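# Summary of the model geometry
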Amino acid sequence: VACDALAGWLAEETAKPSPSVELRWDTVELIGVDRNDHATERLTNWFDSSGFAVDRSEGVPSCCIELPRTWEDYIGWRSKSGRREIRQSVNHIDSGRLKVKSVKDPETFDLMWPKFVALHQSRRHATGTTGCFDYPGFESFLKNAGFDYLASNQLELRFAMLRGNPIATLFAISDSDCFYLYQSGMNLIEPQLRPGLSLLSHAIRESIELGRHRFDMMRGDESYKLRLRAERQATVDTRIFSSKSTARLRGKLYRAGVTMKNLFRTGIGDSSPAG
């Protein structure tokens, strides 16, 4: 129903514009959608059959752990070194060396939010990359979303605390079936503790104990996700272009860019002389 309503509104807006009325939408981008998501497929098929320019391409894979019945079963999936690693990581918490602080009320949320942002940015900047909070407007968007999820008891904003100071964090959404990891951050003080891994391992163990079936680590197939026994899930990037001249131009540039990228990837675009 939601897809039909959205498609109908966008189509209605497209039919309205005149020289004195500017079209209010340009491009719809649906990035990293599960290849088996039927709602998105229905939406894009509607636009495709209605004559809109639609581009689909393979997206960055996501990673997900299909959780077993017990924590010991999960440990058994790991290699010998992996079993040692996972046990050590949760032992930092079980022994009290690291303490887990979970945000459960609005006052704590407001108090800990700047610490979450700082830890995320610290980790990203340490690797020479930008963090999402470098982009204007993103922090207020995520903070408002986090507050809404807190009100519905779905927010998982957690910190690994060392001597009363937060040194690692994760931001996730959960329900009875799945834990959706969204963002994390870490201070590089005492990296031998690997507090980020401790938080993740603790969350995986808790999810198993609560009877969840999946631990979704979202887009990206970074090596640490695969070490935790996550499996790659295929995704699709879809772009729908309106009839605006800027959107049509963007569509042409995007298609040209994808074509050149594929040419170079396959070697067809290599114009260097043979021999």
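Keep in mind the model is a prediction, meaning the values are calculated, not measured.

## Comments concerning unusual backbone geometry
Note: most peptide bonds trans; most residues except glycine with negative phi. With a phi close to 50 degrees, Arg194 is a non-glycine residue in the positive phi region. By the secondary structure assignment, Arg194 is in the loop between strand 7 (178-186) and helix 7 (195-209). Of note in the backbone geometry, Met218 takes a positive phi value of approximately 65 degrees without being a glycine. Relative to the helices and strands, Met218 is located in strand 8 (residues 214-219). Given the relative accessible area of 27%, Met218 is considered partly exposed.

## Focus on the sheet that holds strand 5 (residues 155-162)
Spatially, the seven strands line up as an open sheet ordered 4-5-6-7-8-3-9, and their pairing is mixed. Two strands lie at the open edges of the sheet, namely strand 4 (99-102) and strand 9 (231-233), each paired on one side alone. Averaged over neighbouring strand pairs, the angle between their axes works out to 30 degrees when direction is ignored. For strand 3 (residues 62-66) and strand 8, the ladder comprises four bridges, and the chain directions are antiparallel. Across the sheet, residue Glu66 finds its bridge partner in strand 8, namely Arg214. Set on the sheet, helix 6 (residues 138-151) makes contact with strand 5, strand 6 (165-174) and strand 7; between it and strand 7 the angle comes to about 135 degrees.

## A word on the packing of aromatic side chains
For any pair of aromatic rings, the description rests on two quantities: the centre-to-centre distance and the angle between the ring planes. Across all of its chains, the model carries 15 aromatic pairs by this definition. When the ring centre of Trp71 is taken as reference, the NZ or CZ atom of Arg205 above it lies at 6.0 Å.

## Comments concerning the pairing of strand 6
Within strand 6, nine of the 10 residues are buried, which leaves the element mostly enclosed by the surrounding structure. Relative to strand 6, strand 5 is paired through eight bridges, and the arrangement is antiparallel. Bridge pairing in strand 6 places Ala160 opposite Ala168. The turn linking strand 5 back onto strand 6 is made up of two residues, and Arg163 within it adopts a positive phi angle of 50 degrees. By the bridge criterion, seven bridges tie strand 6 to strand 7 in an arrangement that is antiparallel. Looking at the pairing, Ala168 lines up with Met186 of strand 7. As consecutive antiparallel partners, strand 6 and strand 7 are separated by three residues.

## Digging into the nonpolar core
Counting 25 residues, the largest nonpolar core has Ile65, Trp71, Tyr74, Ile204, Phe215, Met217 and Leu228 as the members making the most contacts within it. Contributing elements (two or more residues each) for this core: strand 3, helix 3 (71-77), helix 4 (80-94), strand 6, strand 7, helix 7 and strand 8. Here this core takes six residues from helix 7, the largest share from any one element. Leave out the neighbours within four places in its chain, and Tyr74 touches Ile65, Pro68, Ile86, Ile204, Ile208, Leu228 and Arg229. Counting residues in each nonpolar core, the second largest holds 18 residues, with Met112, Phe116, Val117 and Leu157 among its members.

## Describing the confidence of the model for the protein
Looking at the protein as a whole, the pLDDT averages 85, with 86% of positions reaching at least 70. Within the protein, the element-level pLDDT minimum falls on helix 9 (residues 245-266), averaging 62, and the maximum on strand 4, averaging 97. Of the regions scoring below 50 in pLDDT, residues 268-275 engages in three contacts with residues more than four places distant in sequence or in other chains.

## Here we look at the environment of Gln121
For Gln121, the position within the fold is in helix 5 (residues 106-126). The spatial distance from the C-alpha of Gln121 to the C-alpha of Cys132 is 7.9 Å, given a sequence separation of 11 residues. Excluding its chain neighbours within four sequence positions, the residues that come into contact with Gln121 are Gly131, Cys132, Phe133 and Asp134. Side chain to side chain, Gln121 and Asp134 meet in a polar contact 3.0 Å long.

## A look at helix 4
A rise of 1.5 Å per residue sets the reference length of helix 4, with its 15 residues, at 21 Å; its end C-alpha atoms lie 21 Å apart and thus fit the reference within 8%. Along helix 4, the positions that sit buried rather than exposed are Gly82, Glu85, Ile86, Ser89, Val90, His92 and Ile93. Angular distribution of buried residues about the axis of helix 4 spans 145 degrees; they occupy a single face of the element. Where helix 4 is buried, its residues touch helix 3, strand 4, helix 7 and helix 8 (223-227). Looking one or two residues beyond helix 4, the residue adopting positive phi is Gly96, at roughly 90 degrees.

## Here we look at the pairing of strand 8
The sheet contact formed by strand 7 and strand 8 spans three bridges and is parallel. Residue pairing in the sheet places Cys178 in a bridge with Arg214 of strand 8.

Procedures and definitions
Residues numbered from 1 in each chain as written. Predicted model: local features only at pLDDT ≥ 70, side-chain atom pairs only at ≥ 80, totals over all residues. Heavy atoms only, no water. Helix = DSSP H or I, 4+ residues; strand = E, 2+ residues; numbered from the N terminus. Buried < 20%, exposed > 50% of the residue type's maximum accessible area, 1.4 Å probe, protein only. Pairing = 2+ DSSP bridges. Axes fitted to C-alpha atoms, helices over the stretch in contact; angles between N-to-C directions. Contact = heavy atoms within 4.5 Å. Phe/Tyr/Trp six-rings, centres within 6.5 Å; stacked < 30°, edge-to-face > 60°. Lys NZ or Arg CZ within 6 Å of the ring centre and 35° of its normal. Core = buried A, V, L, I, M, F, W, Y, C linked by side-chain atoms within 4.5 Å. pLDDT = per-residue confidence, 0-100. Polar contact = N/O pair within 3.5 Å; in protein donor to acceptor, adjacent residues only side chain to side chain. Expected span 1.5 Å × (residues − 1). Arc of directions from axis to C-beta.

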